[in-house]
Amino acid sequence: MRPDTTFEKIAWPLGFGLLVLVLWEVVVRVFGVSPAILPPPTAIGAAMAGSLPILWEDWVQTVVKGALNGLWMGTLAALILALIIDRFDFLKRGLMPVANFFAALPIVGLAPIMVMWFGFDWHSKAAVVAIMVFFPMLVNILGGLAAVDPMHRDLMRTYGATHIQTLHKLRGPAALPFLFNGLKIATSLALIGAIVAEYFGSPIRGMGFRITTEMGRLATDMVWAEIVVSAVTGTALYGLVAGIEKRVTFWHPSQRG
Amino acid sequence: MKKPVIDAQNVDLTFQTNDGPVHALKDVNLQINKGDFVSFIGPSGCGKTTFLRCIAGLETPTGGSLTVNGLTPEEARKSRSYGYVFQAAGLYPWRTIAGNIKLPLEIMDFPKAEMDKRVEKVLDLVDLKGFGKKYPWQLSGGMQQRASIARALAFDAEILLMDEPFGALDEIVRDKLNEELLKLWAATNKTIGFVTHSIPEAVYLSTKIVVMSPRPGRITDVIESPLPKERPLDIRDTPEFIEIAHRVRDGLRAGHEA
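Residues numbered from 1 in each chain as written. Chains lettered and ligands numbered in written order. Predicted model: local features only at pLDDT ≥ 70, side-chain atom pairs only at ≥ 80, totals over all residues. Heavy atoms only, no water.

## Some thoughts on empty space enclosed by the protein
To find leftover empty space, one rolls a probe the size of a water molecule over the atoms. All names here are of chain B. Using the criterion set out here, one finds one cavity of 30 Å³ or more in the structure. Space inside the largest cavity adds up to approximately 70 Å³. The wall of the largest cavity is formed by L125, V126, R146, I149, L177, E180, L181 and L184. Among the elements of the structure, α5 (141–153) and α6 (171–188) are those that each provide at least two residues to the lining of the largest cavity. Per element, the largest residue contribution to the lining of the largest cavity is four residues, and it comes from α6. A breakdown of the residues in the lining of the largest cavity according to their chemical character gives six nonpolar, no polar and two charged. Formed jointly, the lining of the largest cavity draws a minimum of three residues from each of two domains, domain 1 (1–81 + 158–258) and domain 2 (86–156). (1 Å grid on protein atoms, 1.4 Å probe; cavity = no way out; pocket = protein on both sides within 12 Å on 5 of 7 lines; lining within 4 Å. Points joined across faces, edges and corners; volume = space filled by probe spheres on them. Helix = DSSP H or I, 4+ residues; strand = E, 2+ residues; numbered from the N terminus. Nonpolar A, V, L, I, M, F, W, Y, C, P; charged D, E, K, R; others polar. Domains from an automatic or database assignment.)

Below you can see the structure in the form of structure tokens.
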């Protein structure tokens, strides 16, 4: 089979997506489904068009302030700890079980406590996200640092390279594919974390806040509007990470294609 | 008398494994002089690679004494006195060929202009001019291995250690690279330690052939080659060449039966 052209790559999923939307609209209208149960796509579209300023405000609050801040903080913390653990072997034995314990913390129980510690605004959401992304990032970075070809490592030894030089010239680049795997997991976790954390207290904006309050008023078209925004955001973030990955780890067999 | 570059006295190495101790090297005595081309030949498990790694300071003998330029192998490694070529090219895929050759130069803090000059020079030596901007995975196996030799030559260490560098290549490419290696050796007068399990390769290249045998890994014969330094490929059909090859084969067989 010949490979798809760029046009076909976009056209196929777009066509299928449209088909699903049309079927959805038809089913809702033909069977007279109550809008509180499932609003038709046109109603969701109208809700989105009519409340763009609100959606934008919510998006900035949840995605930019909550999710992205938490994402970089958690990732940076994981990176620093990974480098320290990697340097001192006794820490691997001492700290990894603690990190494992962190990974087992239930986010739903954690969120109210973070709200108490860091207040109602985005800081508590970023804290929840940071904790959520921390562990997958740590495990992936450590895995990447350990995944060095023994021959490549011996080569650095024959040059009399220092620990920092080996890290910079060999183990860092070799760990990048792992880092990006972690980031792809972490971006979707970050979005979920930031939205769910808002269920436990937030100022009167944010995607999670909007979902709970609009649901209370049975304004499901607005709930769906937020869901659409978050799905599009999640897809775009993932695409962004995958795009950077393709540029940075072009040399990896999985990217050479 | 001149002091040997590499001097091994009663070198012993025992690995502790889960199945008990493995005697990888036993009572190895060998002197290598400046400008020698020394091949280590023997069946798998005879310790030829292990001995080369000992010289390189990548393994530490458990007994005897081993010096490189009068230093311990560890000190010699840290003072960057040898270039090492592994069985596989081991080029970093995220660096271009030129970038890979620059790697040791960056680590050793060469000035920028000097780096570029040296890269050009060694690329020329291994006949890879014009391939500096390619990535390793865009080249054939033989070209990758030549690039890895260029990388080992770039910082101009006086000793070159090569662990079956052409083992994975086909015979035609291997012949060509053997010929080029001899030219390179004549041009640079480096001391070369070369591990192989091909008899013709060992005889063709070496001034000294060290025959080893396994369990425990030890030297069974050291043959000083009477062949001239200038060696066209068809020297392999001369009676002198065939005689040395016979002696190597006998040595290998004797080691096997013992």
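Text resumes after the structure shown.
## What about the environment of I195 of chain A?
Residue and element names in this part refer to chain A. The topology assignment puts I195 in helix α8 (residues 163–197). The exposure class of I195 is buried, given its relative accessible area of 11%. Between the C-alpha atoms of I195 and P39, which are 156 residues apart in sequence, the distance is 22 Å. In this structure, I195 is in contact with T62, M207, G208, I211 and S230, ignoring residues within four places of it in sequence. (Buried < 20%, exposed > 50% of the residue type's maximum accessible area, 1.4 Å probe, protein only. Contact = heavy atoms within 4.5 Å.)

## Some words on the nonpolar core
Core analysis: the biggest nonpolar cluster contains 94 residues, and F40, V203, I209 and V248 of chain B have the highest contact counts within it. Counting residues domain by domain, this core receives three or more from each of domain 1 (1–81 + 158–258) and domain 2 (86–156) of chain B. Residues contacting F40 of chain B, with those up to four places away along its chain left out, are L30, I32, K48, F51, L52, G193, F194, V195, T196, V210 and M212 of chain B. One finds V63, A99, V133 and L142 of chain A within the second-largest nonpolar core, a separate group that totals 36 residues. (Core = buried A, V, L, I, M, F, W, Y, C linked by side-chain atoms within 4.5 Å.)

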